[in-house]
Amino acid sequence: MKGYIYITGTGADPGLHNNLDDPLFGDPPTLGACMTNLRQFVDPGDYLFVVSGKAENVQQYVIGGMRVAEKLDALAAYGRFPQNRLRRDENGFVRGNIIVDAQGRQHPLDHHKPDTFERRIRNYIVGDQSAALQTAREIELGRERSLRKLSEMFERPGNRAIDILGRHRRLNEDQVHGLMDWLRGIKTAAK
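Before going into details, it helps to say that this report is about the structure given with it. The numbering scheme is per chain: residues are counted from 1 as the chain's sequence reads. Confidence filtering applies because this is a predicted model: local features only for residues at pLDDT of at least 70, side-chain atom pairs given and counted only at 80 or more, and all residues used for totals across whole chains, interfaces and linings. Based on all heavy atoms of the structure, the side-chain values leave hydrogens and waters out of the count.

## Regarding helix H5 (residues 136-154)
Here is step 1: For the purposes of this entry, the term helix denotes a DSSP run of H or I that reaches at least four residues, the term strand denotes a run of E that reaches at least two, and both are numbered from the N terminus. Multiplying one less than the number of residues by 1.5 Å gives the expected span of a helix. The terminal C-alpha atoms of H5 lie 27 Å apart, and with 19 residues this matches the ideal 27 Å at 1.5 Å per residue to within 8%.
Here is step 2: Note on bend: at a given residue it equals the angle between the axes fitted to the 7 residues ending there and to the 7 starting there. Where H5 bends most, at Arg145, the angle is about 45°.
Here is step 3: Looking one or two residues past H5, Glu155 carries a phi angle of roughly 50°, positive in sign.

See below:
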């Protein structure tokens, strides 16, 4: 079993902007359009964790993690998870992480370059055993404690997540279990 932790795109901070669409920590959690390299390398039983992107005036935090239960192609995900299909919400924001239409073509709302499409529709991750910081108090505690936790895990000090992780980093089994326990501990402490 292995794990990976990565930093999502600049400005992606669900606690500040409610703007993280990949991964989605629903029931079940999924990762479908981003991090094609990591989605390719993980197998069922492995874990993926995500850190919020850099945003002005707030500390980044570990948003959550999930165990990989299975990998599908995007068209199969389209049929199984209609709630994750790309769409515009009532405020005009694009939501969802399934980037194909009903025919398996690139969805018009997918803003990525067409030449990356074939690679991005492979390895749609369906997870289980997830933990995500979602309430205001959980996020507040996550912001306060994430850098310290990451620094301890990797024995590397830093004032920003990128200084500790780079863009992404592999985790061993002890680090995976420690980070899942830490996330669950934050959720408990926030109650």
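## Here's the deal with the packing of aromatic side chains
Here is step 1: When two rings of Phe, Tyr or Trp (its six-membered ring) have centres within 6.5 Å they constitute a pair, described as stacked for plane angles under 30 degrees, edge-to-face for angles over 60, and tilted for the intermediate range. Applying the stated criterion across every chain, the model contains two aromatic pairs.
Here is step 2: Here the aromatic rings of Tyr47 and Phe49 are separated by 6.3 Å at their centres, their planes lie at 15°, and the arrangement is stacked.
Here is step 3: Partly exposed describes any residue whose relative accessible area lies between the buried limit of under 20% and the exposed limit of over 50%, with all areas from a 1.4 Å probe on protein chains only and scaled to the type maximum. On the basis of relative accessible area, Tyr47 is assigned to the buried category, the value being 6%.
Here is step 4: You can call Phe49 buried: its relative accessible area is 1%.
Here is step 5: Working rule: Lys NZ or Arg CZ, within 6 Å of ring centre, within 35 degrees of ring normal, means a charge sits over the ring. Note that Arg85 overlies the ring of Tyr78, its terminal NZ or CZ placed 3.8 Å from the centroid.

## Examining the sheet that holds strand S2 (residues 30-31)
Here is step 1: The pairing criterion is simple: DSSP has to find at least two bridges between the two strands. Strand order across the open sheet formed by six strands is S2-S7-S4-S3-S1-S8, with mixed pairing between neighbours. Every interior strand has two partners, whereas the edge strands, S2 and strand S8 (168-171), have only one.
Here is step 2: In this sheet, strand S4 (residues 62-72) lies alongside strand S3 (residues 47-51) in antiparallel orientation, the contact comprising five bridges. Residue Tyr47 lies in a different strand from S4, and its bridge partner there is Arg67.
Here is step 3: Taken strand by strand, H5 contacts strand S1 (3-7), S3, S4, strand S7 (124-132) and S8, and its axis lies near 70° from that of S8.
Here is step 4: When checking whether two residues touch, look at their non-hydrogen atoms; a contact exists if any pair is within 4.5 Å. Lines fitted to C-alpha atoms define the axes, with helix axes restricted to the stretch in contact, and inter-axis angles between N-to-C directions lie between 0 and 180 degrees. Running at roughly 55° to S7, helix H7 (residues 173-189) makes contact with S1, S3, S4, S7 and S8 of the sheet.

## A few points about the environment of Tyr6
Here is step 1: With respect to the helices and strands, the residue Tyr6 is situated in strand S1.
Here is step 2: Taking relative accessible area as the criterion, Tyr6 reaches 2% and is therefore assigned buried.
Here is step 3: Considered as a pair, Tyr6 and Ala161 are 155 residues apart in the sequence and their alpha carbons are 9.4 Å apart.
Here is step 4: Among all residues touching Tyr6, those that are not within four sequence positions of it are Asp22, Pro23, Leu31, Met35, Leu38, Phe49, Val50, Val51, Arg167 and His168.

## Description of the packing of H5 against H7
Here is step 1: H7 packs onto H5 with a crossing angle of 155° between their chain directions and a minimal axis gap of 10 Å. Classified by the angle their axes make, H5 and H7 are roughly antiparallel. Between H5 and H7 lies a crossing whose hand is right-handed. Contacts from Glu138, Leu141, Gly142, Arg145, Ser146, Lys149, Met153 and Phe154 in H5 reach Gln175, Gly178, Leu179, Trp182, Ile186, Lys187 and Ala189 in H7.
Here is step 2: Gly is put with the polar residues, along with every residue not named as nonpolar or charged; the nonpolar set is Ala, Val, Leu, Ile, Met, Phe, Trp, Tyr, Cys and Pro, and the charged set is Asp, Glu, Lys and Arg. Classifying every residue of the contact of H5 with H7 gives seven nonpolar, four polar and four charged. Comment on the angle field: the value is read as roughly parallel under 35 degrees, roughly antiparallel over 145, roughly perpendicular from 65 to 115, and oblique elsewhere. Left-handed is the label given to a crossing in which the near helix is rotated counterclockwise from the far helix by less than a right angle, and right-handed is the label when the rotation is clockwise.

## A look at empty space enclosed by the protein
Here is step 1: Using a grid of 1 Å spacing that covers the protein atoms alone, one calls a set of points a cavity when a 1.4 Å probe fits there but cannot get out, and a pocket when the set is open and has protein on both sides within 12 Å along at least five of seven lines; lining residues are those with an atom within 4 Å of a point. Grid points are joined across faces, edges and corners, and a volume is the space filled by probe spheres set on the points. Inspection of every chain in the model, using the stated rule, returns one cavity of 30 Å³ or more.
Here is step 2: If you add up the space inside the largest cavity, you get close to 40 Å³.
Here is step 3: Together, Tyr6, Pro23, Phe25, Leu31, Leu48, Phe49, Val50, Gly64 and Met66 line the largest cavity.
Here is step 4: In terms of residue count, S3 provides more of the lining of the largest cavity than any other element does, three residues in total.

## As for unusual backbone geometry
Here is step 1: For the peptide bond that leads from Asp22 to Pro23, omega is 10°, which places it in the cis range.
Here is step 2: By the secondary structure assignment, Pro23 is in the loop between helix H1 (14-17) and S2.
Here is step 3: Asp27 connects to Pro28 through a cis peptide bond whose omega is 5°.
Here is step 4: With a phi close to 55°, Met35 is a non-glycine residue in the positive phi region.
Here is step 5: Turning to its location among the elements, Met35 is positioned in the loop between S2 and helix H2 (36-41).

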